[in-house]
Amino acid sequence: MNINELMSKHYFQKFKKSDRSSFKYWYYHWKAFNLVAYYLNVWKFKYLFHDFEKPWLKLFLPYEKVQKIHRKYNAHHIPKLTDKPKKVDWEAAVIDWECSRFTKIDAPMTAYETYQYFMKNRGDRYDLLMIDDNVPQILEQFGLNG
């Protein structure tokens with residue numbers, strides 16, 4: 001079975017951007033992230049804590065601030081050229097891309113499609129060079145390369 005067939009066995013609610021970082025959104029995204037990792041046979045204990053801080057921060061911060069903090073301190077987010085360099089967890093980044101389509105209305109692409117989109121539409125930035133150096137082998141390893 002492919003990832004679509006495996007994930008179709010589960011219920012996921014999709015959220016618009018304004019509803020993200022609620023506890024309900026976090027649960028469904030967490031569930032999708034962990035199931036994708038499990039079905040790809042790459043699950044790790046640390047994935048139980050995926051995006052764990054977001055709903056708690058959202059209790060007292062606006063979403064934009066929560067998102068900025070989250071992207072800065074979590075290795076599954078790729079730094080932009082203007083950000084301080086950090087070690088990226090490329091496997092978790094690809095899993096996050098793959099699972100997002102199950103919980104985010106405005107993120108309907110697979111990890112492979114997301115990679116292709118970045119490479120075709122975003123120019124020649126440093127973060128894209130990092131993506132191109134790391135993501136194709138993870139996509140291949142996970143069997144998500146097209």
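The notes below deal with the structure included here. (Residues numbered from 1 in each chain as written. Predicted model: local features only at pLDDT ≥ 70, side-chain atom pairs only at ≥ 80, totals over all residues. Heavy atoms only, no water.)

**Quick look at the packing of aromatic side chains**
Spelled out, the test is: Ring geometry is summarised as follows: Phe, Tyr and Trp rings, the Trp one being its six-membered ring, pair when their centres sit within 6.5 Å, and such pairs are stacked at plane angles under 30 degrees, edge-to-face over 60 and tilted between the two. Numbering of helices and strands runs from the N terminus; a helix is a DSSP stretch of H or I covering at least four residues, while a strand is a stretch of E covering at least two. When a residue's accessible area, from a 1.4 Å probe over protein chains only, is under 20% of the maximum for its type it is buried; when over 50% it is exposed; and in between it is partly exposed. Any Lys NZ or Arg CZ found within 6 Å of a ring centre and within 35 degrees of that ring's normal is scored as a charge over the ring.
By the definition in use, this model includes 14 aromatic pairs. Pairing Phe 12 with Phe 102 gives two aromatic rings, centres 5.7 Å apart and planes at 40°, and the pair type is tilted. Within this pair, whereas Phe 12 is found in the loop between α1 (3-7) and α2 (23-39), its partner Phe 102 is found in the loop between α5 (90-100) and α6 (111-121), the two being separated by 90 residues in sequence. Residue classification places Phe 12 among the buried residues on the basis of a relative accessible area of 12%. Given the relative accessible area of 13%, Phe 102 is considered buried. Here Trp 97 and Phe 118 contribute two aromatic rings whose centre-to-centre distance is 5.5 Å and whose plane-to-plane angle is 40°, an arrangement assigned as tilted. Of this pair, Trp 97 sits in helix α5 while Phe 118 is found in helix α6, placing the two residues 21 residues apart along the sequence. What links up through ring pairs into an aromatic cluster is the set Tyr 11, Phe 15, Tyr 25, Trp 26, Tyr 27, Tyr 28, Trp 30 and Phe 52. Lys 31 extends its terminal NZ or CZ atom over the ring of Phe 12, reaching a point 5.1 Å from the ring centre.

**What about the environment of Leu 40?**
Note the following rule: Throughout, a contact is declared for two residues whenever any of their heavy atoms are within 4.5 Å.
Mapped onto the elements of the fold, Leu 40 is located in the loop between α2 and α3 (54-58). For the pair Leu 40 and Gly 143, spaced 103 residues apart in the sequence, the C-alpha separation amounts to 8.1 Å. When residues no more than four places from it in sequence are discounted, the contact partners of Leu 40 are Ile 3, Phe 142 and Leu 144.

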